[in-house]
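Breakdown of the fold
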Amino acid sequence: MVNFIIYEDDKNTRDSYISIILKIMGNRPEQYSIIEVDRYTPKFDSILKKVGRKIFILDVEVPGKSGMDLAREIRDKGDWTSQIIIVTNHDSLQQKAFTSKLLMLDFISKFNNTQEELRKSLITSYM
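Everything numeric in this text was worked out from a predicted model, so none of it was measured. (Residues numbered from 1 in each chain as written. Predicted model: local features only at pLDDT ≥ 70, side-chain atom pairs only at ≥ 80, totals over all residues. Heavy atoms only, no water.)

**Some points on the packing of helix α1 (residues 11–25) against helix α5 (residues 114–126)**
At a minimum axis separation of 10 Å, α1 and α5 run at an interaxial angle of 45°. Viewed along their axes, α1 and α5 adopt a mutual orientation that is oblique. As for how α1 packs across α5, the hand of that crossing is right-handed. For the pair formed by α1 and α5, the contact residues are Ser16, Tyr17, Ile20, Ile21, Ile24 and Met25 on the first element and Thr114, Gln115, Leu118, Arg119, Leu122, Ile123 and Tyr126 on the second. Taken together, the residues of the contact of α1 with α5 sort by class into nine nonpolar, three polar and one charged. (Axes fitted to C-alpha atoms, helices over the stretch in contact; angles between N-to-C directions. Helix = DSSP H or I, 4+ residues; strand = E, 2+ residues; numbered from the N terminus. Parallel < 35°, antiparallel > 145°, perpendicular 65-115°, else oblique. Left-handed = near helix turned anticlockwise from the far one by under 90°. Contact = heavy atoms within 4.5 Å. Nonpolar A, V, L, I, M, F, W, Y, C, P; charged D, E, K, R; others polar.)

Here you go:
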């Protein structure tokens, strides 16, 4: 079971990410789940404890906790196997993201062919 966790506060953006996941994964709902999170709450810990592979798609600006802080929390809790993809409007954070030892798969700009870049990263993360 693969858990795709979308941490994004904009509903239209989450819907576009879900569309990409569905195109990649097809009609096999028993093999994956999609979890949408629009803000950080303490209940997020239950998502981190979910069984199975996790692929995180994190936005940087989300109410409650930034995607970068959440990525750091994921790693600090000992999860070094889940894939983390940052998708953001903040291109300037790319260098910081990769030097923060967060072992991210990708850092995608929302200004540059976002859907295609996310599609490629999700295929890579699923392999």
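Next, the rest of the story.
**Looking at the nonpolar core**
Within the largest apolar cluster, 20 residues are counted, with the highest numbers of intra-cluster contacts made by Tyr7, Phe44, Phe56, Leu58, Ile84 and Ile86. With four residues, the single largest contributor to this core is helix α3 (residues 67–76). When residues no more than four places from it in sequence are discounted, the contact partners of Ile86 are Leu58, Val60, Gly67, Met68, Met104, Asp106, Phe107 and Ile108. Counting residues in each nonpolar core, the second largest holds 16 residues, with Tyr17, Ile55, Val87 and Leu122 among its members. (Core = buried A, V, L, I, M, F, W, Y, C linked by side-chain atoms within 4.5 Å. Buried < 20%, exposed > 50% of the residue type's maximum accessible area, 1.4 Å probe, protein only.)

**With respect to the packing of aromatic side chains**
Applying the stated rule across the entire model yields three aromatic pairs. Here Tyr40 and Phe44 contribute two aromatic rings whose centre-to-centre distance is 5.9 Å and whose plane-to-plane angle is 40°, an arrangement assigned as tilted. Taking the relative accessible area as the measure of exposure, Tyr40 reaches 19% and is therefore buried. Classification of Phe44 as buried rests on a relative accessible area of 2%. Three or more aromatic residues joined by ring pairs make a cluster, and in this case those are Tyr7, Tyr40 and Phe44. (Phe/Tyr/Trp six-rings, centres within 6.5 Å; stacked < 30°, edge-to-face > 60°.)

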